[in-house]
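Breakdown of the fold
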Amino acid sequence: MIPYVEGVLTPEQVTATARSIIAVQRDDGAIPWAAGSHVDVWNHVEAAMGLLAAGEVAAAERAYEWVAAGQRPDGSWPMRWRDGVVEDDRGDTNFSAYLAVGLWHHWLIRRDLDVVRRLWPAVRAGLDWVIGLQRPFGGIAWTPVDDLCLLTGNSSIHHSLRAGAALAELVGESRPSWEVAADRLADALRHRRAEFADKSTYSMDWYYPVLGGAVRGAAAADLIESRWDDFVRPGLGVRCVDTNPWVTGAETCELVLALDAIGDHERALALLADMQLLRAEDGGYWTGWVYDDPGYPNDNPDVFWPEEHTTFTAGAVILAVDALGEKYGAATPGSGIFRASCF
């Protein structure tokens, strides 16, 4: 079943979006941000999840095998590659955790225990490395050499730890330290957000505690309302930062997923429809759109920027379609990957 949302994207259009990712995928399985760009594990996994949701199993599994092959002995991954060469060798905790989400998503859709067992050692080593950088207040350092904790990244790590714990149970291993770390991290994300590095100009820092599953219920609804007007532009999507008139497709689709997770389906559907202005003829997606804002001097408004079709945006679109497809079309068994009910 190829996911779709009635009146927004058909199964054929979703397939075209997945194939726009495959067109950029390297022979070794790596998925760069865009043609000629760099690769990082987090955005690579997001694109691979989109491929799998769209039925491109072989391409998705090649992507996951590339991740496992690039892991270092300590369990981490380099932050960035370009043309197969490490460009930034710092280990990013969020990037090194996200394979767990990708593999749990694969299990939900494919129920292929052989793939889980093959990739499980990489997930286990990665998450063991990540929790070793947890700080006393519950947050997890960005890298071993950058002693700050990022709210967006930590929210995603929380999601990864929950997925990792589900995988551990599936393969019959006990990982109580992950659950303890996730609980401590969830508490920090709910009650100690001021102790994370201040990146509040970014929309991701606003909705990610909801997207990553740490904040739910009335607290999640309140958090979403708290900055809705700062970031959401009706008819266009979600601003990446609150200082610039620039809406971005990935942030818009991530907010769609966060809204779906708390049952706010009507606004999620509207945002998914709005961001289709970024769709390219081949089914790929421009990263963002700079719109005209009288309060922001700009000699060149109403343009796509940057001039690239990004694979992580395409992946996020497919995941958002899959999530809303349950209510408005058709969905895969992995459509609830960002909902607590999937664990």
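Cut-off values and rules
Residues numbered from 1 in each chain as written. Predicted model: local features only at pLDDT ≥ 70, side-chain atom pairs only at ≥ 80, totals over all residues. Heavy atoms only, no water. Pairing = 2+ DSSP bridges. Helix = DSSP H or I, 4+ residues; strand = E, 2+ residues; numbered from the N terminus. Contact = heavy atoms within 4.5 Å. Axes fitted to C-alpha atoms, helices over the stretch in contact; angles between N-to-C directions. Phe/Tyr/Trp six-rings, centres within 6.5 Å; stacked < 30°, edge-to-face > 60°. Buried < 20%, exposed > 50% of the residue type's maximum accessible area, 1.4 Å probe, protein only. Parallel < 35°, antiparallel > 145°, perpendicular 65-115°, else oblique. Left-handed = near helix turned anticlockwise from the far one by under 90°. Core = buried A, V, L, I, M, F, W, Y, C linked by side-chain atoms within 4.5 Å.

Comments concerning the sheet that holds strand 5 (residues 237-239)
One open sheet accounts for 5 strands, arranged 4-5-6-7-8; its pairing is antiparallel. Across the chains shown, the open sheet's two edge strands, defined by having one partner strand only, are strand 4 (232-233) and strand 8 (303-304). Relative to the sheet, helix 12 (residues 249-261) contacts strand 4, strand 5 and strand 6 (246-248), its axis offset from that of strand 6 by approximately 60°.

Remarks on the packing of aromatic side chains
What the rule picks out here adds up to 12 aromatic pairs. An angle of 70° between the planes, with centres 4.9 Å apart, marks the rings of Trp33 and Phe312 as edge-to-face. Of this pair, Trp33 sits in the loop between helix 1 (11-22) and helix 2 (41-53) while Phe312 sits in helix 14 (residues 311-328); the two residues are 279 residues apart in sequence, bridging distant segments of the chain. When its relative accessible area of 12% is taken as the criterion, Phe312 is described as buried.

A closer look at unusual backbone geometry
Cis geometry marks the peptide bond from Trp305 to Pro306, where omega comes out at -10°. Among the structural elements, Pro306 can be located in the loop between strand 8 and helix 14. One non-glycine residue, Asp302, lies in positive phi territory at about 55°. For Asp302, the position within the fold is in the loop between strand 7 (288-290) and strand 8. When its relative accessible area of 41% is taken as the criterion, Asp302 is described as partly exposed.

A short note on the packing of helix 7 (residues 151-171) against helix 8 (residues 176-191)
Between helix 7 and helix 8, whose axes approach to 9 Å, the crossing angle comes to 150°. Between helix 7 and helix 8, the angle is such that the two are roughly antiparallel. The chirality of how helix 7 crosses helix 8 is left-handed. Residues Leu151, Asn154, Ser155, Ile157, His158, Leu161, Arg162, Gly164, Ala165 and Ala168 of helix 7 form the contact with helix 8, whose own contacting residues are Trp178, Glu179, Ala181, Ala182, Asp183, Leu185, Ala186 and Leu189.

Re the environment of Tyr285
For Tyr285, the location among the structural elements is in the loop between helix 13 (265-274) and strand 7. By relative accessible area, Tyr285 is classed as buried at 0%. With 26 residues separating them in the primary sequence, Tyr285 and Thr311 have C-alpha atoms 7.9 Å apart. If we ignore the near neighbours within four places in the chain, the residues touching Tyr285 are Leu9, Thr17, Met275, Gln276, Leu278, Arg279, Glu308, His309, Thr310, Thr313, Ala314 and Val317.

Some points on the nonpolar core
Formed by 111 residues in total, the largest nonpolar core has its most connected members in Trp104, Leu161, Leu255 and Leu272. Those residues within four positions of Leu255 in sequence are excluded, and the remaining contacts are Trp206, Tyr207, Ile224, Trp228, Val232, Val238 and Leu271.

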